[in-house]
Amino acid sequence: MMKSDIDTGKNRQLQAEKSLKVGARKIDPEYGIKKEKGGELEANQDDYQVNKEIETLIDTKGETPDSYTADEKELLHKYSGYGGIKFEYLTIEQAKGSFSEFYTPDAIIRKMWGLAYKYGFQNGGSILEPSVGIGAFLKYVPRGSEVHGYEINKYSYTICKIIYPQFQFHLQPFEQVFIKNRDSVQADTGDLPKYDLV
């Protein structure tokens, strides 16, 4: 190996490290975007703690919407799942879902609803949410629409039942139902599920 090859390799590595910086934030290649604090990558222990607080609240109060105060319902909106949280904070069960849990940003959700209307969605239609998460797409659903949401995370599922009691939610993989029942829907919102059925 020539010295120039070694220099080129080092330069590529330095370029890659520089490209991982995003404004005042950095991307940790192993765990996703993290906040920068004091020059160090801050572990997203705060997100983990908020999730645990919400899970404890749900375990205590159950899934009846009337059991929750307005402030508690507002807290439920902060549930973020375990995608992007360092594995050192996670149980084995939480880590299983950490690669597939992604909660779509509101700006993207608004654009997707705009496209749905542009391409023919009509108020009052039937809507399928194959991986509903905490129901971020549902806050823009027009009145009179019939919604069926599927989720495999029991806490995300319960949050949807509490926040959107007017819709139907199912705690099971969407693919299993879709294969059996090929009912028609007018709109399919959200992200496609990203997990194995095995």
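Everything in this summary refers to the structure shown in the same document.

Thresholds, definitions, all that
- Residues numbered from 1 in each chain as written.
- Predicted model: local features only at pLDDT ≥ 70, side-chain atom pairs only at ≥ 80, totals over all residues.
- Heavy atoms only, no water.
- Helix = DSSP H or I, 4+ residues; strand = E, 2+ residues; numbered from the N terminus.
- Buried < 20%, exposed > 50% of the residue type's maximum accessible area, 1.4 Å probe, protein only.
- Contact = heavy atoms within 4.5 Å.
- Areas by Shrake-Rupley, 256 points an atom, 1.4 Å probe, with all protein chains shown as cover.
- Core = buried A, V, L, I, M, F, W, Y, C linked by side-chain atoms within 4.5 Å.
- Salt bridge = Lys/Arg side-chain N within 4 Å of Asp/Glu carboxyl O.
- Pairing = 2+ DSSP bridges.
- Phe/Tyr/Trp six-rings, centres within 6.5 Å; stacked < 30°, edge-to-face > 60°.
- Polar contact = N/O pair within 3.5 Å; in protein donor to acceptor, adjacent residues only side chain to side chain.

Observations concerning the overall build of the chain
Assigned secondary structure in the chain consists of seven helices and eight strands. Here the chain, with 198 residues, has 35% of them falling under the buried criterion. Sequence separation of 24 or more characterises 54% of the internal contacts of the chain that already satisfy a separation of 6 or more. Counting only carbon and sulfur atoms, one obtains 53% of the accessible surface of the chain, whose full area is about 12800 Å².

What to know about the nonpolar core
Counting residues in hydrophobic clusters, the biggest one holds 31 residues, and the most contacted among them are Leu76, Leu138, Ile159 and Phe169. When residues of this core are traced back to their parent elements, those giving at least two are helix 2 (45–61), helix 3 (70–76), helix 5 (106–118) and helix 6 (154–163). Per element, the largest residue contribution to this core is six residues, and it comes from helix 6.

Focus: the pattern of salt bridges
One pass over the structure, following the stated rule, counts five salt bridges. Here Lys52 and Glu55 are joined by a salt bridge, their closest N and O atoms 3.2 Å apart. One end of the pair is Lys52 and the other is Glu55, both in helix 2 and three residues apart, which spans about a single turn. Arg110 is the partner of Asp106 in a salt bridge, and the nearest nitrogen-oxygen pair spans 2.4 Å. Of the two residues, Asp106 and Arg110 both sit in helix 5, four residues apart, roughly one turn of that helix.

Observations concerning the pairing of strand 5 (residues 126–129)
Burial of the side chains of strand 5 extends over both faces: Ser126 and Leu128 are buried on one face and Ile127 and Glu129 on the other. Bridging between strand 5 and strand 6 (residues 146–151) involves four bridges; their strand directions are parallel. Looking at the pairing, Glu129 lines up with Gly149 of strand 6.

With respect to the packing of aromatic side chains
Applying the stated criterion across every chain, the model contains seven aromatic pairs. A centroid spacing of 6.0 Å and a plane angle of 25° characterise the contact between Tyr164 and Phe167, whose relative ring orientation is stacked. One aromatic cluster is present, built from ring pairs that chain together Tyr48, Tyr79 and Tyr82.

A word on the pairing of strand 7 (residues 168–171)
Bridge count between strand 6 and strand 7: four bridges; the pairing is parallel. Residue pairing for strand 7: Gly149 is matched across the bridge by Phe169.

With respect to the environment of Gly144
Tracing the sequence through the fold places Gly144 in the loop between strand 5 and strand 6. With 20 residues separating them along the chain, Gly144 and Gly124 place their C-alpha atoms 4.5 Å apart.

Digging into the environment of Gly133
Of note, Gly133 is situated in the loop between strand 5 and strand 6. With near-sequence residues (within four places) excluded, Gly133 lies in contact with Tyr103, Glu151, Ser156, Tyr157 and Cys160.

Quick notes on the environment of Asn123
Summarising the element assignment, Asn123 is placed in the loop between helix 5 and strand 5. Counting along the chain gives 23 residues from Asn123 to Glu146, while the straight-line C-alpha distance between them is 10.0 Å. When near neighbours in sequence (up to four residues on either side) are disregarded, Asn123 contacts Tyr117 and Pro142. A polar atom in the side chain of Asn123 sits 2.9 Å from the side chain of Tyr117.

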